[in-house]
Amino acid sequence: MHPMVKPQKHRLLIPSSLSPASSVRSSRTTHSHRQTSLRYLHRTTPTGTIESVAVLGSLYTSCMCGGITGLSAAWYLSKLAPSVPVTLYEKLDRLGGWLHTKRVESEDGIIQFEQGPRTIRPWTVSGLVTIDMIRQLDLEKELILISKNSPAAKNRFIYFPDRLNQLPNSLLSVLLSPNLPVMKGVLSGVLAEPFRKRRPADLTDESVGSFISRRFNKALANNLVSAGLHGIYAGDIDQLSAKSLFPRFWMAEEHGSLIRSALSNKTMETEGDQTTRAELRDDNVGICGRMEGTSVYSFKNGIETLSLALARDLEKSPNVTIKTGAKLDNIDYVKTQGLPINITEGTNKAASYSHVISTLFAPSLNSLLPTPLQSPSLASVQAVTVLVVNLYYRTPNLLPVQGFGYLIPRSVPDSENPEKALGVIFDSDTTPSPGTKVTVMMGGHYWQGRTSYPDQHEAVKMAITLLQRHLRITETPALTNVTLQKDCIPQYTVGHDERMETAHEDLIGFNGRLSVAGNSYSGVGLNDCVRSARDVVKGLLSGSSLTGLDGFKDKQWVSLK
Ligand SMILES: Cc1cc2nc3c(=O)[nH]c(=O)nc-3n(C[C@H](O)[C@H](O)[C@H](O)COP(=O)(O)OP(=O)(O)OC[C@H]3O[C@@H](n4cnc5c(N)ncnc54)[C@H](O)[C@@H]3O)c2cc1C
Ligand SMILES: C=Cc1c2[nH]c(c1C)Cc1[nH]c(c(CCC(=O)O)c1C)Cc1[nH]c(c(C)c1CCC(=O)O)Cc1[nH]c(c(C)c1C=C)C2
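All figures in this text were calculated on a predicted structure; none of them were measured in a lab.

A. A look at the overall build of the protein. A count of helices and strands for the protein gives 19 helices and 23 strands. Counting across all 561 residues of the protein, residues that qualify as buried make up 58%. For the protein, long-range pairs separated by at least 24 residues make up 81% of all intrachain contacts whose partners lie at least 6 apart in sequence. With an accessible surface of roughly 22400 Å², the protein has 54% of that area assigned to carbon and sulfur atoms.

B. How the structure looks around the site of ligand 2. Taken together, 21 residues sit near ligand 2, with Arg121, Arg156, Gly231, Ile232 and Val296 positioned nearest. For ligand 2, whose unbound accessible area comes to 760 Å², protein coverage reaches 86%. Only β18 (405-407) and β19 (421-425) provide two or more residues apiece to the shell around ligand 2. It is β19 that contributes the most residues to the shell around ligand 2, four residues altogether.

C. Layout of the pairing of strand β20 (residues 436-443). Across the eight residues that make up β20, a large majority, seven, are buried. Where strand β17 (residues 382-393) meets β20, eight bridges bridge the pair, whose relative direction is antiparallel. Looking across to β20, one finds that Val386 is bridged to Gly443.

D. Examining the sheet that holds β20 more closely. The strand order across the open sheet built from seven strands is β9-β8-β18-β19-β20-β17-β21, with neighbouring strands paired in mixed fashion. Looking at the sheet topology across the chains shown, the edges are occupied by β9 (164-166) and β21 (479-491). Ignoring which end each strand starts from, the neighbouring axes of this sheet average 25° apart. Pairing of β18 with β19 involves three bridges; the strand directions are antiparallel. Its bridge partner being in β19, Tyr406 is matched across the sheet by Val424. Across the sheet, helix α17 (residues 456-471) touches β8 (156-159), β9, β17, β18, β19, β20 and β21, and the angle it forms with β17 is around 70°.

E. Layout of the pattern of salt bridges. For the structure shown, the criterion picks out 26 salt bridges. Two residues, Asp313 and Lys79, come together in a salt bridge whose shortest N-O distance is 3.1 Å. A residue pair is termed long-range when its members are at least 10 positions apart, and Asp313 in helix α13 (residues 304-316) and Lys79 in helix α1 (residues 68-80) qualify at 234 residues. Ionic pairing is found between Arg290 and Glu140, a salt bridge with its closest N-O pair at 3.7 Å. Of this pair, Arg290 sits in helix α12 (residues 285-290) while Glu140 sits in the loop between α2 (125-136) and β7 (143-147), and the two are 150 residues apart along the sequence. Taking the relative accessible area as the measure of exposure, Glu140 reaches 24% and is therefore partly exposed. Because the salt bridges share partners, they merge into one network encompassing Glu193, Arg199, Glu206, Arg214, Arg215, Glu253 and Glu254.

F. Local environment of the packing of aromatic side chains. Going through the model one piece at a time under the given rule, you end up with seven aromatic pairs. Pairing Trp447 with Tyr453 gives two aromatic rings, centres 5.9 Å apart and planes at 50°, and the pair type is tilted. Looking at Tyr453, the relative accessible area reads 19%, which means it is buried. Grouped by ring-pair contacts, the aromatic residues Tyr159, Tyr406 and Phe426 constitute a single cluster.

G. Seen up close, α1. Taking 1.5 Å per residue as the helical rise, α1 with its 13 residues ought to reach 18 Å, and the 18 Å between its terminal C-alpha atoms agrees with that figure. A large share of α1 lies buried, amounting to eleven of its 13 residues. All buried positions along α1 are accounted for by Ile68, Thr69, Gly70, Leu71, Ser72, Ala73, Ala74, Trp75, Tyr76, Leu77 and Ser78.

H. Structural detail: the environment of Leu80. One can find Leu80 in helix α1. A relative accessible area of 46% places Leu80 in the partly exposed class. The spacing of Leu80 and Thr439 is 359 residues in sequence and 39 Å in space, taken between C-alpha atoms. Once you skip the residues sitting within four places of it in the chain, Leu80 turns out to touch Val537, Lys538 and Leu541.

Cut-offs and rules
- Residues numbered from 1 in each chain as written.
- Chains lettered and ligands numbered in written order.
- Predicted model: local features only at pLDDT ≥ 70, side-chain atom pairs only at ≥ 80, totals over all residues.
- Heavy atoms only, no water.
- Helix = DSSP H or I, 4+ residues; strand = E, 2+ residues; numbered from the N terminus.
- Buried < 20%, exposed > 50% of the residue type's maximum accessible area, 1.4 Å probe, protein only.
- Contact = heavy atoms within 4.5 Å.
- Areas by Shrake-Rupley, 256 points an atom, 1.4 Å probe, with all protein chains shown as cover.
- Near = heavy atom within 4 Å.
- Pairing = 2+ DSSP bridges.
- Axes fitted to C-alpha atoms, helices over the stretch in contact; angles between N-to-C directions.
- Salt bridge = Lys/Arg side-chain N within 4 Å of Asp/Glu carboxyl O.
- Phe/Tyr/Trp six-rings, centres within 6.5 Å; stacked < 30°, edge-to-face > 60°.
- Expected span 1.5 Å × (residues − 1).

Structure below.
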């Protein structure tokens, strides 16, 4: 029987949360951290009690990482199982991770630069989970809401082939914009889709590029969809999985046309989504009412408001210990001894835990596991590196247009994008600033396999040259900030769902004592991370989840009326 049927005494370890940027930035930071090793010793007590849980923040082989998931897992444990001792480990000296807001003194006062995430979507089911957390952390008054009617929400651009194309934001405007270069071929692709034949029954997954080209046409794939995936995964449509990224469309093809399914008023949700939506809807009537009409949101003092508030709340929890500067470097698993997990950190002092929730980057977790229990499926998750350049110009309204920013599809000629930029965010259109603030993101899949990257000086020069070419900005920026985000966005490549199902089976070898969560598995957005933390904790405490990847076993979709 699963040993987690009756959770009683727990001791929890939560190493996690985020750490600052690395290698290329306006000020280099190095961290000395002590080597530690994590021993996973399996214990099944007669009554199946949980004696402790270890939660690892995500381990990146190289420098740094986000870790909103680890902080969230600790926080949910401290709320749902307050009697359980929890230890949060963080390899670097800073809690907060990708949610890293950099504040720079300037003649115009403090200028805030986001080195990682900056906006959060409110209206998905996972978005409700984050909203519920924000309410419990009493952060409502810190919110900046970007209205659906604002230019930042309505105006999104794609640079193609040599100019900005403002994307239509209604079906009618699609019909009225046949001359927009990036829309060329879109209408014909959409009209043809309902008549495409279905995929062969034995096709279990395919790349987004192949799926979209097959259902619509290559123009739509290489221009619109390629740009869209640059803006979330920094990824390549010919590598990313259609089944993992567009599950509803993938499922819809089994019943016929994607367009017909998109136009039908039925939406499909997993059973988990349905349960979560129902649970959270009633508890958050007030904040949801306030956020009505919001497209995306952030915080007055930057996105790290959320991670810092979690850390503060955890500090107040009597059973939570936060350890920074403690890097864990291996997990020994001694199945026969049936003892709790042993953690050694720094001085090699062992500490015992009976459960581990890992929010590490999947390959990093895998490298921690004892060889016989390693999972090639965990090792298979790749990630891309993004070079983030923040620029601040003292002149306000320097941009030729207002909006969220623009994305650059892979179909743009090299002459227009030698910097291999993915997109540019118009930060001053989403969060207030005296002058003009933008963020240029470069690299991603274009730099797969690279071992050397532009240095700080080169990065600034690339960004300035790109903005000059694309937006005719000739002013010299007053402030710049460069961050090389190594292996920062996991790539759900073709076959991802099947590999995660296999990883689930591999992790069962730990008999429910090792669970996983974080952006390696079922969503790279901040909401997905918070949701995965909540789900894995509830699954652990209720005994309903063995590994955190249980959901990959035959997803239950429910068509809503
Ligand atoms: C440039 C960029 C822009 C983004 N923009 C957005 C956006 O606008 N909206 C959005 O929703 N999402 C955005 N994201 C995605 C989102 O920010 C991340 O997916 C998420 O923060 C990842 O968090 P995680 O907790 O899943 O895992 P991870 O970030 O991988 O957690 C890792 C933690 O574990 C710690 N750790 C590592 N090794 C060890 C060890 N040996 N021992 C102990 N601890 C260890 C690390 O230091 C770190 O703190 C963006 C991401 C990037 C990179
Ligand atoms: C140009 C590169 C990138 C930009 N943002 C990211 C990259 C790699 C990373 C990223 N941005 C968002 C997410 C979370 C998505 C989710 O599932 O919630 C991630 C991982 C948020 C996001 N990205 C875009 C929008 C409009 C949003 C916020 C609201 C939403 O999710 O709808 C598209 C987009 N990203 C970038 C630009 C310039 C852009 C559109 C113009 C930057």
